[in-house]
Amino acid sequence: MKHAMAKPKKSWKERLRIFLLVLCSMVFVVSAGMLVYYLLWEPYQHNQKSVEIQQIYPTRGVEDTTSSEEVNSEGTLSKFDELRALNPDIKGWITVPNTPIDYPVLQSAEDPEFYLYRDYLKNDDRYGSIFLDASCVNGVNSKNVILHGHNMNDGSQFAAILKYGDLEFYKQNPVIIFDDIYRSGTWKVFAVIKVNTLASQGTPFPYLQGEFASEESFLEYVEQVRSRSLIDCPVEVEGSDQILTLSTCSYEQENYRTVVYARRVREGESSTVDIAQAEVNPDPVMPGDN
C-alpha cells in the first residue's frame, strides 16, 4: 500500500505573503465599497430625497408672486401644509434659479444645529439640511434671516452660492426666491463676501447677526457688508428692509465662509435688477484686512 506523500509545510515567509495578499484584497474591497457608497450611492439617495420633497412643494418663478397665497387657520401659507405635516420644523423654501438650490428650510426649537447633519425627516444625513442660524431668535421674521447649508462636492446644498463671486454669474442670477411659511418673498442680491472664522487669521467679521438694536446699527452692518463685497451690486438697502443671508463653507483658507446677502423686494417694487450697473469691486475688505 502506497502512503500519500506529506505536503511540504509553507515557510513563514510564504504564510506572511499570503496573509498580506488577503489583507490587501480585503482593504481594496472595503475601500472600493466606501468609494461607491460616498461617490455614487449616497449622492443618489440625497438626490432622490430632494426630488421627492420637490414634488410636494409648488416651486414658483421669480415673477410669480401671487400664486398659492391662501392662508390656513394657523395663519401660515396653505402651500406649506403638506410639508409641515411631514415636519413642523419646516419654516420655508429657498430657491436660487439656475442652480440645484431648491430646498426646504428648517429650524429646530431645541437645538439650533439639529439639522446640520439631518435631513428634513430628522434622519441622520451627511448632507444635512438648509437651516436657520441660532441668532434668528424671531425665526423667519428676523431682521436678518441667516441660512446655513453645506458646500457639497457634488454641487448640492449651498455649493452653488460660491459662484456668486463671479460677476457674470451674479448678472445671470441677481434674484433669489425665499418663501417662508407666512409670506412669499423675492430677494435682490446686494453683496457677496468672504469671511474668516478663526481669530488667528485676523479679527473675524461678526456676520451672524439676526437682530439689531436700531435701524442705525442695522445700516452700519449693511455698510460693513458692502465694503467687503466682491461685487458692487446695484441694489440699495434701507433701514426698514429685511435681509436674507446664505452662508456656506469656503476653502480659500481653513474655516472660511462664502456669504451671499439679499434684501426682500418691497411691496409694489419690481424684482428687476439693473445688472448693467454691476461691477467687480476693485478693493473689497478681505479676511485679515481689519
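Please refer to the structure placed before this passage.
Residues numbered from 1 in each chain as written. Predicted model: local features only at pLDDT ≥ 70, side-chain atom pairs only at ≥ 80, totals over all residues. Heavy atoms only, no water.

1. Observations concerning the overall build of the protein chain
Helix and strand content of the protein chain: 4 helices and 10 strands. Listing the helices and strands of the protein chain from first to last along the sequence gives α-α-β-β-β-β-α-β-β-α-β-β-β-β. In the protein chain, buried positions account for 45% of the 290 residues. Considering only contacts in the protein chain between residues 6 or more positions apart, those separated by 24 or more positions represent 65%. About 15,700 Å² of surface is accessible on the protein chain, with carbon and sulfur atoms providing 55% of the total. (Helix = DSSP H or I, 4+ residues; strand = E, 2+ residues; numbered from the N terminus. Buried < 20%, exposed > 50% of the residue type's maximum accessible area, 1.4 Å probe, protein only. Contact = heavy atoms within 4.5 Å. Areas by Shrake-Rupley, 256 points an atom, 1.4 Å probe, with all protein chains shown as cover.)

2. Focus: the pairing of strand β5 (residues 175-180)
In terms of burial, β5 is a largely internal element, 6 of the 6 residues being buried. Alternating positions in β5 separate into two faces, Val175, Ile177 and Asp179 on one and Ile176, Phe178 and Asp180 on the other, with burial throughout. Summarising the sheet, strand β1 (residues 90-95) and β5 pair through 4 bridges and their orientation is antiparallel. Across the sheet, residue glycine 92 finds its bridge partner in β5, namely aspartate 180. Bridge analysis of β5 against strand β6 (residues 186-195) gives 3 bridges, and the strand direction is antiparallel. Following the sheet pairing, valine 175 is matched in β6 by lysine 188. Remark: 5 residues form the turn of the hairpin made by β5 and β6, two consecutive strands paired antiparallel. (Pairing = 2+ DSSP bridges.)

3. Re the sheet that holds β6
What the 8 strands build is a closed barrel, ordered β1-β2-β3-β4-β8-β9-β6-β5; its pairing is mixed. Going across the sheet, the axis of each strand differs from the next one's by a mean of 30°, ignoring polarity. In the packing of helix α4 (residues 215-228) onto the sheet, contacts are made with β4 (144-148), β6, β8 (243-250) and β9 (256-264), and the angle to β6 comes to roughly 65°. (Axes fitted to C-alpha atoms, helices over the stretch in contact; angles between N-to-C directions.)

4. Re α4
An α-helical turn contains 3.6 residues, so a residue and the one three or four places further along point in the same direction. Across its 14 residues, α4 extends 20 Å between first and last C-alpha, which sits within 8% of the 20 Å expected from 1.5 Å per residue. Of the positions making up α4, those classed as buried are Phe218, Tyr221, Val222, Val225 and Arg228. Mapping the buried residues of α4 onto a view down its axis gives an arc of 120°, with all of them on the same face. Facing away from the buried side of α4 by over 90 degrees, the exposed positions are Glu216 and Glu220. The inward-facing, buried residues of α4 contact β4, β6, β8 and β9. (Expected span 1.5 Å × (residues − 1). Arc of directions from axis to C-beta.)

5. A closer look at the packing of aromatic side chains
A complete count under the given rule lists 10 aromatic pairs for this structure. Between the aromatic rings of phenylalanine 212 and phenylalanine 218, the centroid separation amounts to 5.3 Å while the plane-to-plane angle is 70°, which identifies the pairing as edge-to-face. Phenylalanine 218 matches phenylalanine 212 in its accessibility class, with the two residues each being buried. For the ring pair phenylalanine 212 and tyrosine 221, a centre distance of 5.0 Å and an interplane angle of 50° mean the geometry is tilted. The exposure class of tyrosine 221 is buried, given its relative accessible area of 4%. Counting every residue linked through ring pairs, the aromatic cluster contains Phe190, Phe205, Phe212, Phe218, Tyr221 and Tyr261. (Phe/Tyr/Trp six-rings, centres within 6.5 Å; stacked < 30°, edge-to-face > 60°.)

6. Section: the pattern of salt bridges
Side chains that differ in charge, positive against negative, can pair when their charged atoms come close. Summed over all chains, the structure comprises 12 salt bridges. With a closest N to O distance of 3.9 Å, arginine 263 and aspartate 241 form a salt bridge. Separated by 22 residues along the polypeptide, arginine 263 in strand β9 and aspartate 241 in the loop between β7 (231-232) and β8 bring together distant segments of the chain. Both residues of the pair, arginine 263 and aspartate 241, belong to the buried class. When the shortest N-O distance is used, the salt bridge between arginine 266 and aspartate 241 registers 2.8 Å. Here the residue arginine 266 occupies a position in the loop between β9 and β10 (279-280), and aspartate 241 occupies one in the loop between β7 and β8, the gap between them amounting to 25 residues. You can call arginine 266 partly exposed: its relative accessible area is 22%. Through salt bridges with shared partners, a single network forms among Lys188, Glu236, Glu238, Asp241, Arg263, Arg266 and Glu269. (Salt bridge = Lys/Arg side-chain N within 4 Å of Asp/Glu carboxyl O.)

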